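Remarks on the overall topology
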Amino acid sequence: MKKLFIVGSGVSGLAAGVYAAKSGFDVTIFEQHNTFGGLSTGWSRKGYFFEGGMHWLTGSGKNFPLNEVWHEVGALQENNPIENRDPLYTVLDGKNNLKLFRYLDEMKNELLAYSPEDKKIIKKMYRHVKAFSHFYLPVFDVRGCKCKTPVKPDFIKLMKMLPAVLLVPKLMKTSYIDYVGKFKNENIKHLLMSVIGYRYNALSFIYTLGSFASGDCGYPHGGSIRLVKNMAETFEKLGGKICYRSKVEKIVVENGITKGIITKDGFLEADAVIVSQDTRNAIDTLFEKPVHCKWAEKMRTNLIGEQNMFICLGVKADLSKLPYSCILPLEKPLEYAGLKFNEIRINNYANYKDHSPEGCTSITCLLIGDSYDFWKKAKEDGSYKDKKAELARLFVDAVSQFIPEVKEHLEVTDVSTPLTYERYCSSYKGSWMSVWTKHGHQDDYPQTVPGISGLYFAGQRIFMPGGLPIACYSGRQAVQLLCRDTKTIFVR
C-alpha cells in the first residue's frame, strides 16, 4: 500500500483520510493538539458547553449531492439527526418581535406584514432567494480519476440552477451592506445584517438564504463534536491512524518529489502528503522555502480572511422561552477592537440540555470582523487578558438591556479572539473563512503545486468562501487527485 500522511485532523483532513483509507492507502493523520476537529469544535467551562464551530451544515438536506458525501465520510449517522430550525433569527424589540423564516412564503409574509413600506424590495429579495433555492454545490469527479462508483450528474437539477446563475454577476457587484441598506425599516436591517459577515457581497447573502429556503442547512444533533467524532471513528475503523500532539514542522521535498515530513520524532518517510492545515499559512511555513507558484502568489495577494471575537456566557437562569437565535438591535452600537456593531446575534442553547446544568443556559455570540491587529498588539503590550475582560463586560451590558438575567445570574464568561484561532488551528491571522467582497473574484485553487509530485492541499481556503462543505469536498478532491496520479481506483 502507498503510505500517505495528512497534516491536520480537521474536517478536510478527516474527509481525506476516510476516502484514502477506503481507496487502499496506508494513512496516518498528524495532529498538533490532543484531539481532532480543528475549527469544528466546542469546549466546556465550569459545567457549561459552548458550541464553537457550527451553526448550520450545508449539505444536511437529503436531496443534495453533498449530503451523500457527508454520509460517505461518516459525518452524518443515526446518532446526529438533522434539526431544521425555524424561525432562523428573531429580533427582540420588546413589542412585536420580527422573525426571519427559512421557507420563502413565510419569510415574505412576515416581512411584508412588519414593513409594508418595504414591499418593493421585499418582493425583489423574495425573487432572488427563490432563484437560489435551486442552487447547490454540485459534486463532480476529478477528470482522469478512475472511480469505483462514478458520480452521475443530475442535469435536470443543474438546469434548474440557471436562473440563479444569471443573477450572479449583478449580485457580485453589490455589497451586502448596500443590498440590505435599501430597506427602510430599521429592524429588518438589523435582522438581515445578522445573516453573514458585513464585508461580503450580496451574492453570499442571497445564496445563504436560498440554501435555507431549499430545506438545506440544518443543525445535526450534537453539533461540531459529534460530527467530527463520527468522522474520526469512521477513519479509524478503516485502519487509519491519528497521531496526536505531533505537530508537522516541515514537509520534505527533494528534486520535485515529496519525501515525507519532519515532526518532533524526526524525519518520517511517505509516498505522498495532503496538507489540510490552513493553506495560506502552510505555503509560508511548512516548507524549507515558501511555496512560490502562480496560485500561491494569487492567494497571498487576494485573500481576505474572516475573523471574529467569540464570546461565551454561562447563565444560571432558564432562558428556554427565548428563541434559539436572538437579534438584539442596539440603540448605542457596541464598539470594540476597531469594530462597530449595530446589532448582536446571540445563540441561546437553553433547550439543549447537554450544554448547561439544569435550569441554566449557555449563550454564544460571534462578533465578526477583522480585529487581528488589535489583539496582536494587546498580546505584545501585555494588555491582552484585560482587554478580553473589558470586551466581556461591554458585551454583558449590551445583552442585559434585552435579557436582564444575563447580568443578574452570570456564572461564566469566555472570550476567544483571532489569536486563539491562530494558536489552536494555525489559521492565517486567526481567520476561519475567506471574505468574498463586492467585485471580488471567486478564487479557487488547484490543490497541487506545479513541479512537485506527491503533494496535495485541502481545506476551506481551496474554494471561496470556504466553510465546512468546502473543507469536506476539498478533502475528497485531494484524494481523487492522488488516485489519478498513482493510478489507484477511488472508492467512496
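Residues numbered from 1 in each chain as written. Predicted model: local features only at pLDDT ≥ 70, side-chain atom pairs only at ≥ 80, totals over all residues. Heavy atoms only, no water.

A look at the packing of aromatic side chains
Scanning all chains against the criterion turns up 21 aromatic pairs. Residues tyrosine 336 and phenylalanine 374 carry aromatic rings whose centres are separated by 5.4 Å and whose planes lie at 70° to one another, so their mutual orientation is edge-to-face. One end of the pair, tyrosine 336, is in strand 16 (residues 325-336); the other, phenylalanine 374, is in helix 13 (residues 372-381), and 38 residues separate them in sequence. Taking the relative accessible area as the measure of exposure, tyrosine 336 reaches 8% and is therefore buried. Put simply, the rings of Tyr219, Tyr324, Tyr349 and Tyr352 pair up and form one aromatic cluster. Residue placement shows arginine 85 over the ring face of tyrosine 324; its charged tip is 3.6 Å from the ring centre. Its guanidinium or amino end placed over the ring of tyrosine 428, arginine 280 lies 4.4 Å from that ring's centre, counting from NZ or CZ. (Phe/Tyr/Trp six-rings, centres within 6.5 Å; stacked < 30°, edge-to-face > 60°. Helix = DSSP H or I, 4+ residues; strand = E, 2+ residues; numbered from the N terminus. Buried < 20%, exposed > 50% of the residue type's maximum accessible area, 1.4 Å probe, protein only. Lys NZ or Arg CZ within 6 Å of the ring centre and 35° of its normal.)

Remarks on the pairing of strand 3 (residues 42-45)
Remember that side chains alternate between the two faces of the sheet whenever the strand is regular. Where strand 3 and strand 4 (residues 48-51) come together, four bridges link them in antiparallel fashion. If you follow tryptophan 43 over to strand 4, its bridge partner there is phenylalanine 50. The turn linking strand 3 back onto strand 4 is made up of two residues, and lysine 46 within it adopts a positive phi angle of 50°. (Pairing = 2+ DSSP bridges.)

Description of empty space enclosed by the protein
One way to see where empty space is left: roll a probe the size of a water molecule over the atoms. Taken as a whole, this structure holds two cavities of 30 Å³ or more when the rule is applied. In this structure, the largest cavity encloses a volume near 130 Å³. As for the largest cavity, its lining consists of 16 residues, and the residues nearest its centre are His55, Trp56, Arg85, Leu88 and Tyr324. Of the residues contributing to the lining of the largest cavity, the split by class is eight nonpolar, four polar and four charged. Computed from the structure, the second largest cavity encloses a volume of approximately 80 Å³. (1 Å grid on protein atoms, 1.4 Å probe; cavity = no way out; pocket = protein on both sides within 12 Å on 5 of 7 lines; lining within 4 Å. Points joined across faces, edges and corners; volume = space filled by probe spheres on them. Nonpolar A, V, L, I, M, F, W, Y, C, P; charged D, E, K, R; others polar.)

Side note on helix 3 (residues 104-114)
Buried residues of helix 3: Leu104, Met107, Lys108, Glu110, Leu111 and Tyr114, and no others. Buried residues along helix 3 cover an arc of 165° about the axis, so they all sit on one side. In this fold, the buried residues of helix 3 make contact with strand 7 (98-100), helix 4 (119-132), helix 8 (186-192) and helix 9 (202-213). (Arc of directions from axis to C-beta. Contact = heavy atoms within 4.5 Å.)

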